[in-house]
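So you can see what is in the structure, the chains are spelled out below.
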Amino acid sequence: MLAASVQVSPPQRRGFHPYGVSDAAGFAAMGIVEILIHLYDVAQTLKFPWSPEAGLCTRVLNRVFPDVPAGDDPWPALLWATGRVELPGRPRRTDWRWYAR
C-alpha cells in the first residue's frame, strides 16, 4: 500500500503528519523507518540476527533524520536515531522525532 501510494502521488502533493507536512518521499521514508525498526524489535525478541541493506538505511536517514551525523554504519545509526541503541560517544536517545517536511 505504501509503495502504491507513493507511486501514484503527484510530486507536488503534500499530506499532513503531526511532525510536518510531507511529500510522498517523506511518507515513504517514515513508513520504511516504521517497518525496519519494528522488524528489529521482533528480531531482538525472537533472538535472530537481522539487518536491512545499508543503502536503504542511508536514504531513510538522509530524508527523515538530517540531524544524525554522517560517518557511522547506517543501520546502527538508524537504530540510534530511533532510540534503540547507543553509539560510541553518543548516549542512547530518549526522545526523538523525524523530520517530516
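Residues numbered from 1 in each chain as written. Predicted model: local features only at pLDDT ≥ 70, side-chain atom pairs only at ≥ 80, totals over all residues. Heavy atoms only, no water.

Novice: Help me understand the pattern of salt bridges in this model?
Specialist: A side chain of one charge can pair with a side chain of the opposite charge when the charged atoms of the two come close. Overall, the coordinates contain four salt bridges when judged by the stated rule. For the salt bridge of Arg63 with Asp23, the shortest nitrogen-to-oxygen distance reads 2.7 Å. With Arg63 in helix H3 (residues 54-64) and Asp23 in the loop between helix H1 (2-8) and helix H2 (24-46), this residue pair connects regions lying 40 residues apart in the sequence. (Salt bridge = Lys/Arg side-chain N within 4 Å of Asp/Glu carboxyl O. Helix = DSSP H or I, 4+ residues; strand = E, 2+ residues; numbered from the N terminus.)

Novice: What is the right way to look at the nonpolar core in this model?
Specialist: Most often, soluble globular proteins keep nonpolar side chains buried together rather than apart. Counting 22 residues, the largest nonpolar core has Val33, Val64, Phe65 and Leu78 as the members making the most contacts within it. In contact with Val64, not counting residues within four places along its chain, are Gly26, Ala29, Met30, Val33, Trp98 and Tyr99. (Core = buried A, V, L, I, M, F, W, Y, C linked by side-chain atoms within 4.5 Å. Buried < 20%, exposed > 50% of the residue type's maximum accessible area, 1.4 Å probe, protein only. Contact = heavy atoms within 4.5 Å.)

Novice: What am I meant to see in the packing of aromatic side chains here?
Specialist: Centre-to-centre distance and the angle between the planes together describe a pair of aromatic rings. A complete count under the given rule lists four aromatic pairs for this structure. Ring geometry for Trp96 and Trp98: centres 5.9 Å apart, planes at 65°, overall edge-to-face. Residue class for Trp96 comes out partly exposed when judged on its relative accessible area of 25%. When its relative accessible area of 8% is taken as the criterion, Trp98 is described as buried. Among the aromatic residues, ring-to-ring pairing joins Tyr40, Trp50 and Trp75 into one connected group. Over the face of the ring belonging to Trp80 we find Arg90, whose NZ or CZ atom lies 5.1 Å from the ring centre. (Phe/Tyr/Trp six-rings, centres within 6.5 Å; stacked < 30°, edge-to-face > 60°. Lys NZ or Arg CZ within 6 Å of the ring centre and 35° of its normal.)

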